[in-house]
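# Commentary on secondary and tertiary structure
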Amino acid sequence: MKITILNGNPDGRNTDFDLFIEKLSIFLDKEQKKVRHLKLRGMDIKYCNGCWGCWVKTPGECQFPDDSKTVCEEVINSDLVLFASPMIMGFTSALLKKTMDKLIPLLHPYIEFVRKECHHRKRYDKYPKIGLLLDKTGADEEDVAITVSIFERFALNFKNRLNFVEYTTHPVQEVMNEINNL
Amino acid sequence: MKLTIFNGSPRGKGSNTKILLDHFTRGFTEIAHTGENGETIPNKIDLAYLAKVRDMEEYVEMFREAERVLLAFPLYTDAMPGIVKHFIESLEPLCGMKNNPEIGFIVQSGFPEPAHSRYVEKYLEKLAARLHCKYLGTVVKGGVEGIQVQPPGMTKKLFDSFYRLGLEFGKTGAFDDGILRSLAPRERLSGFVRFVLTILSPTGLPNFYWNRQLKKNNAFDKRFARPYQGKVAEVPKV
């Protein structure tokens with residue numbers, strides 16, 4: 001099983017968050033999972049400028065060179081992508097959000113109906129399962145519920161579903177259990 | 001009345017959000033109010049483009065000094081664009097401060113259904129509460145992506161609605177409920193429309209907007225490309 005962890009922690013001083021993910025990576029590695037831990041704050045990921053070049057000029061990839069190509073390669077070839085972030089102002093970080101915006105090339109501009117709604121068509125045959133790991137310090141239950149609902153919608157548009165939501169307040173083993181139960 | 005507008009579209013001055021805001025502000029600035037000494041004070045706007053992310057400190061100051069704020073953006077991957085979240089995080093020091101401005105939002109999407117934007121709408125309402133701003137509501141409008149290439153007859157009703165929305169906002173400082181409803185008359189496409197679009201799908205007509213651009217860029221033959229299929233990325237050391 002190949003797992004990509006998108007670590008959206010923007011603050012290197014928040015060492016607890018990074019340590020949680022590093023511990024999780026070690027545990028997963030011991031269980032023969034192939035893990036790629038991408039610390040997004042150290043990567044050169046530009047904001048999406050909405051040009052749609054990835055759909056109409058260079059189909060399937062952003063026309064501007066940055067590390068989002070690495071993210072796209074890892075994500076689409078994974079069995080599971082774990083979106084990980086501290087909650088900031090009631091949602092996942094801007095760092096993680098700008099990275100999610102740059103996953104658009106993995107979809108096709110054409111529209112299809114899913115659950116009686118318009119959604120983008122698949123570009124690839126297979127899309128990864130999706131998990132969400134939150135550090136909910138400073139957030140309340142309503143913030144978490146809103147964030148989860150938005151990620152459920154994102155997962156639907158990403159041709160899958162949100163398989164689990166976990167928190168850094170829980171033991172790492174609990175996240176392991178969620179992954180092993182997929 | 002003074003309104004501070006933040007255009008949160010990554011396309012900035014070339015955005016559909018700007019076009020909608022232009023019609024809104026045309027209506028808003030037609031209105032004037034009477035001052036304490038009987039003088040006429042025309043409505044004014046202050047406008048910032050969040051796409052210029054380097055100016056974020058300046059935007060926070062604009063927000064802090066504003067009476068009323070309108071934050072408008074396109075729906076990106078089911079929520080706000082990354083630049084808008086960056087702006088929101090920059091406002092964190094203002095949480096809990098007194099006298100933060102009243103705030104309203106406009107969320108427009110390429111998807112025709114308003115339903116896609118309702119999830120981020122809940123976030124925005126909570127954001128207003130988090131900032132102790134009076135929440136003025138959220139305008140949700142779907143089906144906006146093609147407005148720059150559509151003939152005037154197809155956009156007239158939409159642009160008129162945003163003009164009237166601005167006009168009423170200029171008078172009352174609030175969104176008109178009737179206009180809000182008319183911009184999002186139903187949450188999802190009717191079964192009939194879905195049926196027609198499904199029937200037309202093999203003809204390529206529903207994809208005309210995209211196909212035209214693909215052909216213009218000599219990329220039509222590559223439209224189903226899978227550049228990352230089976231690749232293993234070289235991860236930069238961080």
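Residues numbered from 1 in each chain as written. Chains lettered and ligands numbered in written order. Predicted model: local features only at pLDDT ≥ 70, side-chain atom pairs only at ≥ 80, totals over all residues.

### Some remarks on the sheet that holds strand E3 (residues 80–86) of chain A
All names here are of chain A. Pairing is parallel across the open sheet formed by five strands, whose spatial order is E2-E1-E3-E6-E7. Where the open sheet ends on each side, the last strands, each with one partner, are strand E2 (34–39) and strand E7 (162–167). Pairs of neighbouring strands in the sheet enclose a mean axial angle of 15 degrees, with direction left out of account. When strand E6 (residues 129–135) meets E7, the two strands line up parallel, connected through five bridges. Counterpart to Ile-130 in the pairing with E7 is Leu-162. (Pairing = 2+ DSSP bridges. Helix = DSSP H or I, 4+ residues; strand = E, 2+ residues; numbered from the N terminus. Axes fitted to C-alpha atoms, helices over the stretch in contact; angles between N-to-C directions.)

### Notes on the sheet that holds strand E4 (residues 44–49) of chain B
Residue and element names in this part refer to chain B. Overall, parallel pairing links the five strands, which are arranged E4-E1-E5-E6-E7 in an open sheet. Sheet topology places E4 and strand E7 (135–141) at the edges, where each strand pairs with a single neighbour. Adjacent strand axes in the sheet meet at a mean angle of 15 degrees when their direction is disregarded. Pairing between strand E6 (residues 102–108) and E7: six bridges, direction parallel. Bridge pairing links Ile-103 to Tyr-135 in E7. Lying over the sheet, helix H4 (residues 118–130) contacts E6 and E7, oriented at roughly 160 degrees with respect to E7. (Contact = placed C-beta atoms within 7 Å.)

### Quick look at the domain arrangement of chain B
Each domain of chain B was delimited in the assignment, giving domain 1 (2–187) and domain 2 (189–238). Just the C-alpha atoms count here: the centres of domain 1 of chain B and domain 2 of chain B sit 30 Å apart. (Domains from an automatic or database assignment.)

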